[in-house]
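Read off the chains here:
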Amino acid sequence: MNGLPRIAGIGTANPRNRYSQREIYDLSRKFVPMYRNPRIEQIFMNSDIDFRHLAFDAATFTAGESADELHARFQENALALGREAVVRCLEDASCGVEEVDSIVAVTCTGYVCPGLSALLIRDLGFRTNVQRADLVGMGCAGALPGLQSAYDYVRAHPGGRSLLVTVEICSACYYIDETLETVVGNAICADGAAAVLVVGDEGAHGPAIARFETLLEPSFIDTVGFQTREGKLRIVLAKDIRDSAGALVRRMVDGLLEREALRRENINHWIIHSGGRKVIDGIRDELGLTEEQLRNSRCVLRNFGNMSSPTVLFVLAETMRGTPRPGEIGLMAAMGPGLAVEGAILRW
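Note that the coordinates shown come from a computational prediction; the quantities given were computed from them, not determined experimentally. Counting starts from 1 at the beginning of each chain's written sequence and moves along it residue by residue. Residue-level local features of this predicted model are given only where pLDDT is at least 70; pairs of side-chain atoms are given and counted only at 80 or more, and the full residue set underlies all totals for whole chains, interfaces and linings. No hydrogens and no water enter the side-chain calculation; it runs on all heavy atoms of the structure.

Trainee: Describe the pairing of strand β9 (residues 224-229), with residues and values.
Mentor: Two strands form a pair only when DSSP identifies at least two bridges running between them. Helix and strand labels come from DSSP, where a helix needs a run of H or I of at least four residues and a strand needs a run of E of at least two; each type is numbered from the N terminus. When β9 meets strand β10 (residues 232-237), the two strands line up antiparallel, connected through six bridges. Pairing of Gln227 across the sheet is with Arg234, part of β10. What sits between β9 and β10 in their antiparallel hairpin is a turn of two residues, with Glu230 showing a positive phi close to 55°.

Laid out in structure tokens, this is it:
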């Protein structure tokens, strides 16, 4: 692909504890009287989510955790899952840690300083002169700006290898109040990590990264993100997003396709962030996609929920397991705070 950076390996990781959506709802209603409302149960159980991985033990879980306890959950599990995803990614790419030249770490569900990149360098034995960047606060769309940072490094350093790590511990951000904003987040968000290795090697087995696109719609800036209350992160997921997501994604996709001289029918693989059932439905309707084209997005939602930034990379991993053929084209899309819609074109 004319020297375009390529994805050489991918790895994912989740906490050991996996719960059915019914188990999570029953746990929630045990501690929060508001959640016993049939309307809240409907939000949980009509989410098209069967299972989620969460970094706590339901048998010993108690409500009202302190900000310090939530932060400890983030720090311990973000690092553990990040390590696991990186190891699997480098194994997939047949790459040793000493061969990695750059690390980009993405998260929005917690804050550590030194950042995750430095902690991973320490724990996994990367070279001490590895270039690093930590992207914080980009929400569900964060994987794509992170991927572009890795891409930019490889373009600027021919022969270089850049590792992207995305990790979110949404269970460190659960916040209970009397609003539907927090109910939706608690009903769909989960924990996970994903990593990809970007290289300039034409022999890499993964797709070339051809182009990126961003659409920022500031009029929605208050509808998605986090607020801080009593030292805790409170997720904001306004119900308006599910109705607006499809049209915003369509605008981004149309711009991306035009710049790459493509049409929708040229896309073989739609790698759409599993933001929620109604978000996926809206994107399907606006882009005229079939359920088969969204099969991988639905699969990730059903089995993992919305893990924020790693989620679109889980969909990419599902796509790559299907062994796309040479010449096929993929389009990645994810939404996040800003309101930002991020996209990329992949070419096999």
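Trainee: Talk me through the packing of helix α9 (residues 295-304) against helix α10 (residues 311-321); I want residue IDs and the actual numbers.
Mentor: Angle between the axes and distance between the axes are the two parameters that describe a pair of packed helices. Where α9 contacts α10, the two axes come as close as 9 Å, and the packing angle between them is 120°. When the axis of α9 is compared with that of α10, the two are oblique. The way α9 lies across α10 gives a crossing that is right-handed. Residue-level contacts link Asn296, Ser297, Cys299, Val300 and Phe304 of α9 to Thr311, Phe314, Val315, Glu318 and Thr319 of α10. Think of it as three bins: nonpolar holds Ala, Val, Leu, Ile, Met, Phe, Trp, Tyr, Cys and Pro, charged holds Asp, Glu, Lys and Arg, and polar takes everything else, Gly as well. Here the residues of the contact of α9 with α10 are counted per class, giving five nonpolar, four polar and one charged. Axes here refer to lines fitted to C-alpha atoms; in helices the fit is confined to the stretch in contact. Angles between the N-to-C directions go from 0 to 180 degrees. An angle below 35 degrees is read as roughly parallel, one above 145 as roughly antiparallel, one from 65 to 115 as roughly perpendicular, and any other as oblique. Crossing handedness: left-handed means the near helix sits turned counterclockwise from the far one by under a right angle, and right-handed means the same turn made clockwise. Note on definitions: a residue-residue contact is assigned when non-hydrogen atoms from the two residues lie within 4.5 Å.

Trainee: Now, about the pattern of salt bridges: what can you tell me, with residues and values included?
Mentor: When a carboxyl oxygen of Asp or Glu lies within 4 Å of a side-chain nitrogen of Lys or Arg, that pair is called a salt bridge. Per the stated rule, a full pass over the model turns up 26 salt bridges. Among the salt bridges present, the one from Arg250 reaches Glu286, with a minimum N-O distance of 2.6 Å. Placement of Arg250 in helix α7 (residues 240-259) and of Glu286 in helix α8 (residues 277-287) is noted, with a sequence separation of 36 residues between them. Ionic pairing is found between Arg264 and Asp254, a salt bridge with its closest N-O pair at 3.1 Å. Of this pair, Arg264 sits in the loop between α7 and β11 (269-272) while Asp254 sits in helix α7, and the two are 10 residues apart along the sequence. Note on classification: 1.4 Å probe, protein chains only; a residue is buried when its accessible area is under 20% of the maximum for its type, exposed when over 50%, partly exposed between these limits. Residue classification places Arg264 among the partly exposed residues on the basis of a relative accessible area of 28%. Classification of Asp254 as partly exposed rests on a relative accessible area of 31%. Where salt bridges share partners, they join Arg277, Asp281, Arg284, Asp285, Glu291 and Arg298 into one cluster.

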